[in-house]
Every structure is written in C-alpha cells, then in structure tokens.
Amino acid sequence: MVVIMKPQASEGQLREAIREMEAAGVKVMVSRGSETTILGAEGNANLIDQEKMEQLPGVDRVMRVTEPYKKANRKYHPDDTVIPLPNGRTVGGTRLAILAGPCSVETEEQICGVARRVKAAGAAALRGGAFKPRTSPYSFQGLESEGLKLLQEAREETGLPIVTEIMGTEYIDLFEETVDVIQVGARNMQNFDLLKQLGRRTTKPILLKRGLSATVEEWLMSAEYIMSSGNDKVILCERGIRTFETFTRNTLDLSAVLAVKQQSHLPVVVDPSHACGKAWMVERMSLAAVAAGADGLLIEVHNDPEHAWCDGAQSITPEQFDALMPKLAALAACVGRTV
Ligand code: PEP
Ligand code: MN
C-alpha cells in the first residue's frame, strides 16, 4: 500500500499518517518527491484500515500496490532515480550516460588506450571485465585482480569511473575498495545471495543486467533484493534476452526499457553489444535505445576487435565510437536529452 500525501500536508499530518500505519504493524518508507511525499508500507499492509487512512487530514489518496517489488516500484517513488558517479556525471537524469570500453581488460596499453579514446569522445565511465563469466572453462577467464589494477590505472589517467563485473560474494570487499560501479552479469541476475550481500556490504552503484531469460518482473525483483538489503543505487541494464532467433546473439528487448521505466524509478541503460553480438548493428541499436527512452548505453569498444581476447565480433572501434557520439547527440535532442 502507498499513501500519497497532499502537497500542502504539514509535518504533523505526515507524522500522524506514519503513526497510523505503524500501529498496524508495518514499516513505513518515506519518499519525499518533487510534488508530494509518499508513504510506502513494508510488510503486511492488509492490516491497515484503508478507509481510515483516507480520512486523515493531509492524506490525498491511498493505493493498493499489487506488484511484489516495493522499493523498486515507481508507485513508492514517483521521481526518477539519478545515480551520481564520482566524476560528477550521473546515470539517470537528462544527460545520457555512455559507459564504454572493452569486454575484458587485456593489457595496460589496451585499457588505457581505449579509456583515453572513449573519454575524449564523451563517455561517462569506462567498462572492462577483469573477472569474466565464460561459457567454456577453457576460454580466457579474465586477468582477475591484475585486471582491476589496470582498470585503476586507466581511471587514474583519465578520471573515468570504472565499471566491472563481480562474480561472487568473496570479491565484495575488494570491489568496494577498487571499483566505482559494480556490474552483476546476466548469469548472476538471480544469484540471490550475491544480490543480498551487495545490498548489505557496499554502497557502490550496482549495474544489474537482465538475465538471459528473465521476465521484467523477475529482473525488478532482483533489483528489489539489492535495495531491500540496503543499497538503493541500482542501474538496470537490458542486454538482450534469449529467443528462438539465432541471427543475433540475443534479441534486444527495447519494449522492456519502456516497461521498466513505467514500473520503476530506476535508471535503465541498454547494452547493444551483447544484445546483437554484431559490431555493425551497435550504432543503429544504440540510437533506437535512446529513442526508446534509455538513460544510457553500455557499449563494447576495442582498439583491435579482430584480436580481442573476448567478444571481438561485437566490439566497435574507437573510430566507430567517435562517429556514434554526435549521432547520439542529435537523436538525444529529439527526446529531450543530451549526451
Ligand atoms: C559483459 O558485459 O561483458 C557480459 C559478460 O555481459 P552479460 O552478463 O550481459 O552477458
Ligand atoms: Mn562482453
């Protein structure tokens, strides 16, 4: 249940409404928005007397919430969430956040070189995998902690915050010390223990990728795990889902961007690289994602895609990234955004 206060409700009326809800045994989440304050009931809201609530001075209306996610629900928090990055940029808000870099960190020259290029083109952050979730145990698994060091070097050189994937709870302390945005990969979207621990043990923003076959509701429930455990800074990432189609690596579900933005206040970015698996599709799908209302993009950029250690076929070059950015800026203007 959510209780929407009148815009002119006093602090005393707000306290009275909270007291009434708490008396029914629920915990109350208070969300102060630009228009009004909203009180969300956590727990068994059936015990709250809806009619009585509606009669209270200062209360505008009361809504039953049927969705199982609360903290991620737009009904509890009507304003868009904007997540700040350490370089002053944001994910969410008017300006798009373009997060770019190679699939995996390979060498100092590679990661620092790509970082310089994407920074110059206007990226908000550098992506790069140090721990890689590979289908085959015989494939390159990432440089691991050495990769994290190289990412830190690239950050030092360019000032770009670093986004990298976490594979298990044992790395949380290390990531807390070294990383700016912690990525939870598609394969770990329902690793509930990892989600809970990320909620409890870090305040870093979490980039939560949609699982390969996750519904929008399952994806939002995974965000709910992180948020209900204490970390509100969740960035959703649509990266394509598995369908019967094999031409593309996955199927980019752009309607999901609209769905989650309607249902949730969390920012959503789109990863056209993993969605399509083809570098030549990245530009058009990036533009389409911005048109659909995405708050940003996660794009794989490699200095030498042909020789990339991972995901070369879907990686664009720094030159292609340079060409993409002004096109994104032009399209962004049509939907009231900037790059
Ligand atoms: C990645 O970002 O390199 C990655 C492994 O993505 P996903 O989890 O979406 O497959
Ligand atoms: Mn990749």
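Cut-offs and rules
Residues numbered from 1 in each chain as written. Chains lettered and ligands numbered in written order. Predicted model: local features only at pLDDT ≥ 70, side-chain atom pairs only at ≥ 80, totals over all residues. Heavy atoms only, no water. Pairing = 2+ DSSP bridges. Helix = DSSP H or I, 4+ residues; strand = E, 2+ residues; numbered from the N terminus. Axes fitted to C-alpha atoms, helices over the stretch in contact; angles between N-to-C directions. Contact = heavy atoms within 4.5 Å. Domains from an automatic or database assignment. Buried < 20%, exposed > 50% of the residue type's maximum accessible area, 1.4 Å probe, protein only. Polar contact = N/O pair within 3.5 Å; in protein donor to acceptor, adjacent residues only side chain to side chain. Core = buried A, V, L, I, M, F, W, Y, C linked by side-chain atoms within 4.5 Å.

(A) Region of the structure containing the sheet that holds strand β8 (residues 125–127). The eight strands lie next to each other as β7-β8-β9-β10-β11-β12-β13-β14, forming a closed barrel whose pairing is parallel. Averaged over all adjacent pairs, the angle separating strand axes in this sheet is 30°, with direction ignored. As paired strands, strand β9 (residues 162–166) and strand β10 (residues 181–184) are joined by four bridges and run parallel to one another. Among the inter-strand pairings, V163 is bridged to a residue of β10, identified as V181. In the packing of helix α3 (residues 108–121) onto the sheet, contacts are made with β7 (97–101) and β8, and the angle to β8 comes to roughly 145°. Packed onto the sheet, helix α8 (residues 254–263) meets β12 (234–238) and β13 (268–270) and runs at close to 175° relative to β13.

(B) Broad picture of the domain arrangement of the protein chain. Parsing the protein chain into structural domains produces domain 1 (2–63) and domain 2 (83–334). Relative placement of domain 1 and domain 2: their C-alpha centres are 37 Å apart.

(C) Quick peek at the environment of H274. Mapped onto the elements of the fold, H274 is located in helix α9 (residues 272–276). With a relative accessible area of 7%, H274 lands in the buried category. Remark: the alpha-carbon pair of H274 and P318, spanning 44 residues in sequence, is separated by 18 Å. Excluding residues that lie within four positions of it along the chain, H274 makes contacts with R127, K209, R239, R249, N250, E300, D311 and Q314. A polar contact of 3.1 Å, which involves the side chain of H274, links it to the side chain of E300.

(D) Just the nonpolar core, in detail. Of all hydrophobic cores here, the largest spans 68 residues; its most connected members are V118, L126, L208, L236, I299 and F321. Per-element tally for this core: the top contributor is helix α10 (residues 279–291), with six residues. Setting aside residues up to four positions removed in sequence, L208 forms contacts with V184, M189, L195, W219, S222, A223, I226, V234, I235, L236 and C237. The next biggest cluster of nonpolar side chains, apart from the first, holds 18 residues, and it includes M1, L14, V26 and V62.

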